[in-house]
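One letter stands for each residue in the lines below.
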Amino acid sequence: MYPSSTARGSIGEHFVQACLCEIAQISKLEVDSGIDLYAERIQKQIPNIPFSIEVKTRSKLGKAIEVEKKKLIYHLSKPYPVFIFAMDLKDVSQVYFYSIEKEREAVNSLVKG
């Protein structure tokens, strides 16, 4: 049995991949670790700036993008930027994205004291 939530997630991942394919080389990760896609920004036809993407699909989408605390901690452990994309597949004209870099800066400033 193929759960509808899995299908929605796959559709969302393919949509984000299609939207970004002109500016980044994107790979789907086989193991679902909280990161759905690994990407490298393409500059001068060379992929050279890594980042990762988590895709969230919802049937009703508010303006806030919610991330579980344990996932946020996981994302902050990555050495490269993480972007979270959220969308309602019934209305893909509204796709939201968020970078966790502000949280990374806040944590780093607390650690440095």
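My aim in this report is to walk through the structure given alongside it, one point at a time. (Residues numbered from 1 in each chain as written. Predicted model: local features only at pLDDT ≥ 70, side-chain atom pairs only at ≥ 80, totals over all residues. Heavy atoms only, no water.)

**Here's the deal with the nonpolar core**
Counted only if it meets this: The term nonpolar core refers to a set of buried residues drawn from Ala, Val, Leu, Ile, Met, Phe, Trp, Tyr and Cys, joined through side-chain atoms within 4.5 Å. Under the scheme applied here, a residue whose accessible area is under 20% of the maximum for its type counts as buried, over 50% as exposed, and between as partly exposed, the area being computed with a 1.4 Å probe on protein chains only. Elements are defined by DSSP. Helices are runs of H or I of four residues or more, strands are runs of E of two residues or more, and each kind is numbered from the N terminus. Between two residues, a contact is recorded if the distance between any of their heavy atoms is within 4.5 Å.
Judged by nonpolar contacts, Val16, Leu20, Ala24, Ile26, Leu37, Ala39, Phe51, Ile53, Val55, Phe85 and Met87 together constitute the single largest core of 11 residues. Residue assignment for this core shows that the elements contributing at least two residues are α1 (4-20), β1 (24-28), β2 (37-43), β3 (46-58) and β4 (82-88). For this core, the element with the highest residue contribution is β3, accounting for three residues. In this view, Ala24 contacts Ala39, Glu40, Arg41, Ile42 and Phe51; residues no more than four positions away in its chain are not counted.

**Section: the environment of Ser27**
By the secondary structure assignment, Ser27 is in strand β1. Considered as a pair, Ser27 and Gln17 are 10 residues apart in the sequence and their alpha carbons are 8.4 Å apart. Residue contacts for Ser27: discarding those within four places in its chain leaves Asp36, Leu37 and Tyr38.

**Examining the sheet that holds β4**
Let me state the cut-off plainly: When DSSP finds at least two bridges between two strands, those strands are taken to pair. Axis angles are defined between N-to-C directions and span 0 to 180 degrees, where every axis is a line fitted to C-alpha atoms and, for a helix, only to the segment in contact.
Read from one edge to the other, the open sheet built from five strands follows the order β1-β2-β3-β4-β5, with strand pairing classed as mixed. A strand with exactly one partner marks an edge of an open sheet, and here the two such strands are β1 and β5 (91-99). Averaged over all pairs of adjacent strands, the angle between their axes in this sheet comes to 30°, without regard to strand direction.

**Let's talk about the pairing of β5**
Bridge count for β4 against β5 is six bridges, and the pairing is antiparallel. Bridged to Ala86 within β5 is Tyr96. Following β4, the chain reverses through two residues before pairing antiparallel with β5.

**Describing the packing of helix α2 (residues 69-76) against helix α3 (residues 101-112)**
The criterion, for reference: Each angle gets one of four labels, with under 35 degrees taken as roughly parallel, over 145 as roughly antiparallel, 65 to 115 as roughly perpendicular, and the rest as oblique. Note that Gly is not counted as nonpolar here; it falls among the polar residues with everything else outside the nonpolar set of Ala, Val, Leu, Ile, Met, Phe, Trp, Tyr, Cys and Pro and the charged set of Asp, Glu, Lys and Arg.
Following both chains from N to C, one finds α2 and α3 inclined at 80°, their axes separated by 10 Å at the closest point. With respect to their mutual orientation, α2 and α3 come out roughly perpendicular. Within the contact between the two elements, α2 uses Leu72, His75 and Leu76 and α3 uses Glu103, Arg104 and Val107. In terms of residue class, the contact of α2 with α3 is made up of three nonpolar, one polar and two charged.

**Some words on the packing of aromatic side chains**
Using the following cut-off: Aromatic rings from Phe, Tyr and Trp, with only the six-membered ring used for Trp, were paired whenever their centres fell within 6.5 Å, and each pair was classed as stacked if the ring planes differed by under 30 degrees, edge-to-face if by over 60, and tilted otherwise.
Under the counting rule described, the total for this entry stands at four aromatic pairs. A ring pair is formed by Phe85 and Phe97, whose centres lie 5.6 Å apart and whose planes are at 25°; its orientation type is stacked. One end of the pair, Phe85, is in strand β4; the other, Phe97, is in strand β5, and 12 residues separate them in sequence. The exposure class assigned to Phe85 is buried, which follows from its relative accessible area of 11%. The class for Phe97 is exposed, based on a relative accessible area of 56%.

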